[in-house]
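# What the coordinates show
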Amino acid sequence: MNKQKRTEIFERLKAANPAPKTELEYGSTFELLIAVMLSAQATDVGVNKATRKLYPVANTPQAIYDLGEEGLKRYINTIGLYNSKAANVIKTCRALIDNHDGEVPATRAELVALPGVGRKTANVVLNTAFGQPAMAVDTHIFRVSNRTGIAPGKTVREVEDRLLRLVPKPYLQDAHHWLILHGRYTCRARKPECAVCTIVDLCEYRHKNLPEQGAAS
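Let me begin by describing the structure that accompanies this report. (Residues numbered from 1 in each chain as written. Predicted model: local features only at pLDDT ≥ 70, side-chain atom pairs only at ≥ 80, totals over all residues. Heavy atoms only, no water.)

## Considering empty space enclosed by the protein
For the structure on display, the rule yields one cavity of 30 Å³ or more. For the largest cavity, the calculated volume is near 80 Å³. Around the largest cavity, the lining residues are R147, T148, H182, C187, P192, E193, C194, C197, V200, C203, Y205 and K208. Here the residues of the lining of the largest cavity are counted per class, giving seven nonpolar, two polar and three charged. (1 Å grid on protein atoms, 1.4 Å probe; cavity = no way out; pocket = protein on both sides within 12 Å on 5 of 7 lines; lining within 4 Å. Points joined across faces, edges and corners; volume = space filled by probe spheres on them. Nonpolar A, V, L, I, M, F, W, Y, C, P; charged D, E, K, R; others polar.)

## A word on the nonpolar core
Counting 34 residues, the largest nonpolar core has L33, I34, I64, L72, V89 and L111 as the members making the most contacts within it. Mapped onto this core, the elements with two or more residues apiece are helix 2 (29-38), helix 3 (44-54), helix 4 (61-76), helix 5 (82-99) and helix 7 (119-128). Excluding its chain neighbours within four sequence positions, the residues that come into contact with V89 are I34, M37, L38, I64 and L72. (Core = buried A, V, L, I, M, F, W, Y, C linked by side-chain atoms within 4.5 Å. Buried < 20%, exposed > 50% of the residue type's maximum accessible area, 1.4 Å probe, protein only. Helix = DSSP H or I, 4+ residues; strand = E, 2+ residues; numbered from the N terminus. Contact = heavy atoms within 4.5 Å.)

## Examining the pattern of salt bridges
Tallied over the full model, the rule gives twelve salt bridges. In this structure, K5 and E204 form a salt bridge, with 3.4 Å as the shortest nitrogen-oxygen distance. Taken together, the positions of K5 in helix 1 (residues 3-16) and E204 in the segment after helix 11 (175-185) put the pair 199 residues apart, joining distant regions of the chain. Residue class for K5 comes out partly exposed when judged on its relative accessible area of 25%. In this structure E204 comes out as partly exposed when scored by relative accessible area, which is 36%. Within this structure, E8, R12 and D201 form a network of salt bridges that share partners. (Salt bridge = Lys/Arg side-chain N within 4 Å of Asp/Glu carboxyl O.)

## Things to note about the packing of aromatic side chains
In this structure the tally under the stated criterion is three aromatic pairs. Consider the rings of F10 and W178, whose centres lie 6.4 Å apart with planes at 50°: the pair is tilted. Placement of F10 in helix 1 and of W178 in helix 11 is noted, with a sequence separation of 168 residues between them. Comparing F10 with W178, the two get one shared label, buried. Positioned above the aromatic ring of Y65 is the side chain of R94, whose terminal nitrogen or guanidinium carbon lies 4.6 Å from the ring centre. Geometry around Y205 places R147 over its ring, the cationic atom sitting 5.0 Å from the centre. (Phe/Tyr/Trp six-rings, centres within 6.5 Å; stacked < 30°, edge-to-face > 60°. Lys NZ or Arg CZ within 6 Å of the ring centre and 35° of its normal.)

## Examining the layout of surface pockets
In this structure, the largest pocket encloses a volume near 730 Å³. Along its surface, the largest pocket is lined by 34 residues, and S39, A42, D44, K120 and D138 are the ones closest to its centre. Counting only elements with at least two residues in the lining of the largest pocket, the list comes to helix 2, helix 3, helix 5, helix 7, helix 8 (139-148) and helix 11. Per-element tally for the lining of the largest pocket: the top contributor is helix 11, with six residues. Class assignment of the residues belonging to the lining of the largest pocket gives a composition of twelve nonpolar, 15 polar and seven charged. Estimates place the volume of the second largest pocket at around 160 Å³. Taken together, L13, A16, N17, W178, L181, H182, T186, V196, C197 and T198 make up the full set of residues lining the second largest pocket. Of all the secondary structure elements, the ones that give two or more residues to the lining of the second largest pocket are helix 1 and helix 11.

## Let's talk about unusual backbone geometry
Positive phi, normally seen in glycine, also occurs at Q41, with a value near 55°. Looking at the element boundaries, Q41 is found in the loop between helix 2 and helix 3. Overall, the relative accessible area of 73% leaves Q41 in the exposed class. Within the chain, L81 stands out as a residue other than glycine whose phi angle is a positive 60°. Among the structural elements, L81 can be located in the loop between helix 4 and helix 5. Residue L81 is classed as partly exposed on the basis of its relative accessible area, which comes to 47%.

## Some remarks on helix 5
Between its first and last C-alpha, helix 5 extends 25 Å over 18 residues, near the 26 Å set by a 1.5 Å rise per residue. Taken as a whole, helix 5 has its buried residues at K85, A86, A87, V89, I90, T92, C93, A95, L96 and I97. In the core, the buried residues of helix 5 are packed alongside helix 2 and helix 4. Positive phi appears at D101, one or two residues downstream of helix 5, with a value of about 55°. (Expected span 1.5 Å × (residues − 1).)

Below you can see the structure in the form of structure tokens.
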């Protein structure tokens, strides 16, 4: 795929959604960090249901730490892997209090040093909260990047590096939101909605799910 085609793809995605944002609900950088930590192998809808109950009660490192693991579990036990997530969130809150004055750090190295925070989570926080052009490659972005030909790669890191290199700079800040939403609602895993896709003519997928031409009416 050439630069011109990539530019047109992101121009169309931007025209359809000029100000994309995460579907996780949050009111502070800390709330975003916790929501992203909880979202691993869970839906944003499920995470939002839990945090709508949790955040009015506890939405700072100290307040969540004071709940303790068992107290936190009562709010997040509808989310997958909630036991290990509760343990990591409590440990991260302690680390934020001890090492960062209760503030979420703004560097990848400091973020990934927090318990339960991997590269993808760090990239979401860096991009969404701190405005850095980081690329959080989840299953949707990995699929869309490979299927469309925008930035094919065999590993998540390979796709991440290629996207950072190949996405035209004017679109880099919002690219991961557009690609996630495109993968979630249009370029679905099992049955992509090619017939209503805004970039179908630019996509290089060879098995597009389109109505047969000349079908009998």
